[in-house]
Amino acid sequence: MQQKLFLTNPKGLKLAVLIQRPAGSELFPVVVVLSAFIEYKEHPRLEALSNQLEKLGIGSIRFDPSGYGESEGTVESDYRFSHFVVDAQLVFGYIENLDWVDKNSIGVYGDSMGGIQALILARNNPQIKAVSVVSSPTIMGSTDDIKDKYSEWKKDGYQDRTSSRYGKI
C-alpha cells in the first residue's frame, strides 16, 4: 500500500513524500530511504527496494529533498546537502508519530550522498536501530566522483550532472 503526501519543512517548502507499507493494522518496522544525488523518490532502484521491504513486512518512506523532484524550491537555491539533513530529520520525525510504526524497529538506508545523510540521521537519532550505507563517498566534494571535471568544478563552484528523470541539474 502506497500513500503520497506533502510535508512542510522549516523553510516553508513542501516536500513530496511516498510512504509504502504492508497491509494490516499491526505495528511494522520502517526504513527511511535516502536517495543519491541525482535520484528521486520514484527512482526504479528505490522503488524496487521499497517493494521488497513491503513483501518482507517492512514499511518505507522516500522523499524528494527540497529543491528537487516534486518538492518545492529550486536546484539553484534549495537543493543543498545541509537542507537535505534538515529534510531527512523532518521525515524521520513524521514517521515516529505514525501509529503503525514499530518505534523499536526503525532503520535508515542511503546510497552515495544519501549514505552520508543516513549516517548523520542515525548519529542524531539514537533510536534508529539499523543503518545501511551503500557506495557512499568518504569525503563530500572529493575527486572520486568528479575525476576529470575537478578543475571545472573548482573554477565554477558547481558540477553539471544528469538525472534520468529531470535531465541536467
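For the structure itself, look to the data block above.
Residues numbered from 1 in each chain as written. Predicted model: local features only at pLDDT ≥ 70, side-chain atom pairs only at ≥ 80, totals over all residues. Heavy atoms only, no water.

### Thoughts on the pairing of strand β2 (residues 14-20)
Along any regular strand, the residues point their side chains to alternate faces of the sheet.
Here is step 1: Most of β2 is tucked away: six of the seven residues are buried.
Here is step 2: In this sheet, β2 lies alongside strand β1 (residues 2-8) in antiparallel orientation, the contact comprising seven bridges. Note on β2: the bridge partner recorded for Leu 7 is Leu 15.
Here is step 3: Taking the residues that link successive antiparallel strands as the turn, the β1-β2 hairpin has five residues, and the phi of Gly 12 there is positive, at about 85°.
Here is step 4: Pairing between β2 and strand β4 (residues 59-63): four bridges, direction antiparallel. Each bridged residue has a counterpart across the sheet, and for Leu 18 the counterpart in β4 is Arg 62. (Buried < 20%, exposed > 50% of the residue type's maximum accessible area, 1.4 Å probe, protein only. Helix = DSSP H or I, 4+ residues; strand = E, 2+ residues; numbered from the N terminus. Pairing = 2+ DSSP bridges.)

### Description of the sheet that holds strand β5 (residues 101-111)
Here is step 1: Strand order in this open sheet of six strands is β1-β2-β4-β3-β5-β6, and the pairing throughout is mixed. Of all strands in the sheet, those bounded by a partner on one side alone are β1 and β6 (130-134). Looking at each pair of strands side by side, their axes are set apart by 20° on average, direction ignored.
Here is step 2: Across six bridges, strand β3 (residues 28-34) lies against β5 in parallel orientation. (Axes fitted to C-alpha atoms, helices over the stretch in contact; angles between N-to-C directions.)

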